Amino acid sequence: MGRPTSSAQLTESVIPQDSLTVRDNRTGKVYTVPIADNAIPATAFKAMTAPRKPGEREENETEKGLCVQDKGFLNTAVIRSEITYIDGEAGVLRYRGYPIEQLALHSSHLETAYLLIYGSLPTKDQYKFFESEVMRHSVMHSDAEGFFRSFRYDAHPMSMLTSAFAMLGSYYSEANPSLQGQRLYTKGDGASLETMDRQIYRLIGKATTLAAMAYRVRQGRNFVTPPTGLSYTGSFVIDCRDCTIAMTAHDCSLLLRFLYQMDHLGEENYVPNPVLEKALDVLFLIHADHELNASCTTVLQTGSSLVDPYSAIAAGCASLYGPLHGGANEAVIRMLISIGSPQNVPAFIEAVKKKEKTLSGFGHRVYKTSDPRSFIVRKTADEVFRVTGKDALLETAMALHDAAMKDDYFIQRKLAPNVDFWYVLCESAARFPLDFFPVLFAVPRVVGWLAHWRQMMLQEGGVKIWRPRQVYVGPARRDYVPVDERVPVEGPKETPSRVEHGGITKRTMLATFKGKSKL
């Protein structure tokens, strides 16, 4: 791996075809690096050492080999995976080899969860077992009510959900490798797999319950225990206006429970609207996984320390909360609200071109042509609009869509509406609160996080803790300076900022009292 090769050996008969030949111009040495599955090992570059140049910083560690720098992981593969394949240039997304379009049409969120985690589509009996275990583990301990009530009335649902996932870990000591031994999930034997799968059932089952509880806190409502009457055993067909939707038991039970827990206020025989349920199921399915995005990578980074899965999922939830990831959903709606009406779209378009405004919901870091999920969500959105009707926000969104699709500025930059654009329109039409949008992204993504976490725990060779390198560009060695001899360093990024105080703190600063000088 990254072994030096002499010039005499540089012949086609000696050098493997599936390899990379690298010449280090600093030393003249030539190295052969193996290529496997169109990837090279980054550790091969550690063998490419060179003597330090006169005057070169010792912190560069030139004599210890090259370091591969990749800010933002633009071209770094950290794991070998069998789960999700994305071809951004061609607009392809597949779960375990199955095109997302086929799964959205024929499968369900919970069936796709089985596929992502275990690698194959389940038989009827396999699915029935998996569904029953997930449902059985959806009920929360009664103490959880006090936990959620401890949040402020205006706490963001994602803050509550993130905290709740971490809280779950405190209930299950048998699931914690720090207490049960670090090989708890990596042995691969029957007992280890049983423990792992039990946590998977719990996390998928309780994710919707935790989300519903966070929602009810914001609404000032009492919590609703997951009902059992909505777990159907047979197929049924529901007619809704001019559309007919065929559903089976595995199409509806989990998501109907979720909607029931969020919205039920004591009505007798309450059943959520089937069109909204089916739409939510499709949205959950297409958001279940998206390869090594920021939140999934966070779960694996955290999980590589062999922490319990609840802590790892909580870390992923926090990552997804960011405005460059799951928070982008909120950004789309806030953008549409700021535009106000279709009449203001032309002015907004011009402001975007001048970089005076930020365009959200268009383009994607991975997909350079089109996001295959956006077509699915667009169709789903149409079904939702038939039930809910259209509103001013939707009219503004459509005006923005039409204007952008005809403008050369957006066409040349391949800025087409992405999945977030249509996703939030569905959520908005269903009247979910704005700050609940990231929650509706995080709940289905728990499935993908668990699939990747399970794969890493069971990977050949065991789990290595993720410890990235850095390129140190800070000061060289320097000696400590006594405080009276220091020269002040000034600058907006080099000294602590002064913050404005108000309320009790401001009045306390103006008051006199014993011991004030120590504050």
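These notes cover the structure that comes with them. The shown structure was predicted, so the numbers you read here are calculated from the model rather than taken from an experiment.

**Here's the deal with the overall build of the protein**
Reasoning step 1: The helix and strand inventory of the protein stands at 19 helices and eight strands.
Reasoning step 2: In terms of principal-axis extent, the alpha carbons of the protein reach across some 80 × 80 × 60 Å.
Reasoning step 3: In the structure as shown, the protein presents an accessible area of about 28,200 Å², 52% of it carried by carbon and sulfur atoms.
Reasoning step 4: Charge-centre separation for the protein: the mean point of 60 positive side chains lies 6 Å from the mean point of 57 negative side chains.

**Some points on the state of the cysteines**
What is meant by a disulfide is a covalent connection between two cysteines, made through their sulfur atoms.
Reasoning step 1: Tallied over the full model, the rule gives zero disulfides.
Reasoning step 2: Cysteine Cys296 shares no disulfide, and the gap to the nearest cysteine sulfur, in Cys317, comes to 14 Å.

**Focus: the pairing of strand E4 (residues 84–87)**
Reasoning step 1: Here E4 shows one buried face, formed by Thr84 and Ile86, and one open face, formed by Tyr85 and Asp87.
Reasoning step 2: Counting the residues in the hairpin turn of E4 and strand E5 (residues 92–95) gives four residues, including Gly91, whose phi is positive at 70°.

**Quick look at the side chain of His287**
Reasoning step 1: Structurally, His287 is set in the loop between helix H9 (274–286) and helix H10 (294–303).
Reasoning step 2: His287 gets classed as buried once you look at its relative accessible area, which sits at 0%.
Reasoning step 3: Looking at His287, its side chain comes within polar contact range of the main-chain oxygen of Leu283, at 3.0 Å.
Reasoning step 4: If we skip the residues at most four places from it in the chain, His287 touches Tyr95, Arg373, Val419, Tyr423, Phe441, Pro444 and Arg445.

**Quick word on the sheet that holds E4**
Reasoning step 1: Spatial ordering of the open sheet is given by E4-E5-E6, a layout of three strands whose pairing is antiparallel. Of all strands in the sheet, those with a lone pairing partner are E4 and strand E6 (98–99), marking the two edges.
Reasoning step 2: The sheet contact formed by E5 and E6 spans two bridges and is antiparallel. Bridging across to E6, Tyr95 finds its partner in Tyr98.

**Some words on the packing of aromatic side chains**
Reasoning step 1: As enumerated under the stated definition, the model contains 19 aromatic pairs in all.
Reasoning step 2: A ring pair is formed by Phe362 and Phe421, whose centres lie 5.2 Å apart and whose planes are at 70°; its orientation type is edge-to-face. With Phe362 in the loop between helix H13 (345–353) and helix H14 (372–388) and Phe421 in helix H17 (residues 419–429), this residue pair connects regions lying 59 residues apart in the sequence.
Reasoning step 3: Take Phe362: its relative accessible area is 8%, and that puts it in the buried class.
Reasoning step 4: With a relative accessible area of 0%, Phe421 lands in the buried category.
Reasoning step 5: Taking the centre distance of 5.2 Å and the plane angle of 80° together, the rings of Tyr409 and Phe410 count as edge-to-face.
Reasoning step 6: Taken together, the ring pairs connect Tyr114, Tyr118, Phe129, Phe130 and Tyr201 into an aromatic cluster.

**Some details on the side chain of Asp407**
Reasoning step 1: Mapped onto the fold, Asp407 is located in the loop between helix H15 (392–406) and helix H16 (408–412).
Reasoning step 2: According to the relative accessible area criterion, Asp407 is buried, its value standing at 17%.
Reasoning step 3: A distance of 2.7 Å separates polar atoms of two side chains, one belonging to Asp407 and the other to Lys353.
Reasoning step 4: When near neighbours in sequence (up to four residues on either side) are disregarded, Asp407 contacts Ile349 and Lys353.

**Digging into the pairing of strand E3 (residues 30–34)**
Reasoning step 1: The buried fraction of E3 is high, at four of five residues.
Reasoning step 2: Judged from the five bridges that link them, strand E2 (residues 19–23) and E3 form a sheet pairing that is antiparallel. Within E3, the residue paired with Leu20 across the bridge is Val33.
Reasoning step 3: With antiparallel pairing between neighbouring strands as the criterion, E2 and E3 make up a hairpin whose turn holds six residues, including Gly28 at a positive phi of roughly 85°.

**Structural notes on the nonpolar core**
Reasoning step 1: Of all hydrophobic cores here, the largest spans 119 residues; its most connected members are Phe165, Phe258, Leu336 and Leu400.
Reasoning step 2: The element contributing the most residues to this core is helix H18 (residues 437–457), with 14 residues.
Reasoning step 3: In this structure, Phe258 is in contact with Thr208, Ala211, Ala212, Leu280, Phe284, Phe436 and Leu440, ignoring residues within four places of it in sequence.
Reasoning step 4: Grouped together as the second largest cluster of nonpolar side chains are six residues, Tyr31, Val33, Ala44 and Phe45 included.

**Quick look at H17**
Reasoning step 1: With respect to burial, H17 is a largely interior element, 11 of its 11 residues being buried.
Reasoning step 2: When we look at burial in H17, the residues that qualify are Val419, Asp420, Phe421, Trp422, Tyr423, Val424, Leu425, Cys426, Glu427, Ser428 and Ala429.
Reasoning step 3: Where H17 is buried, its residues contact H9, helix H12 (328–339), H14, H15 and H18.
Reasoning step 4: Capping of H17 at its N-terminal end is provided by Asn418; its side-chain oxygen lies 3.0 Å from the backbone amide nitrogen of Asp420.
Reasoning step 5: Note on H17: the residue one or two positions beyond its end, Arg431, has a positive phi of about 65°.

What counts and how
- Residues numbered from 1 in each chain as written.
- Predicted model: local features only at pLDDT ≥ 70, side-chain atom pairs only at ≥ 80, totals over all residues.
- Heavy atoms only, no water.
- Helix = DSSP H or I, 4+ residues; strand = E, 2+ residues; numbered from the N terminus.
- Areas by Shrake-Rupley, 256 points an atom, 1.4 Å probe, with all protein chains shown as cover.
- Lys, Arg positive; Asp, Glu negative; His and termini not counted.
- Charge placed at Lys NZ, Arg CZ, Asp CG, Glu CD.
- Disulfide = S-S within 2.5 Å.
- Buried < 20%, exposed > 50% of the residue type's maximum accessible area, 1.4 Å probe, protein only.
- Pairing = 2+ DSSP bridges.
- Polar contact = N/O pair within 3.5 Å; in protein donor to acceptor, adjacent residues only side chain to side chain.
- Contact = heavy atoms within 4.5 Å.
- Phe/Tyr/Trp six-rings, centres within 6.5 Å; stacked < 30°, edge-to-face > 60°.
- Core = buried A, V, L, I, M, F, W, Y, C linked by side-chain atoms within 4.5 Å.

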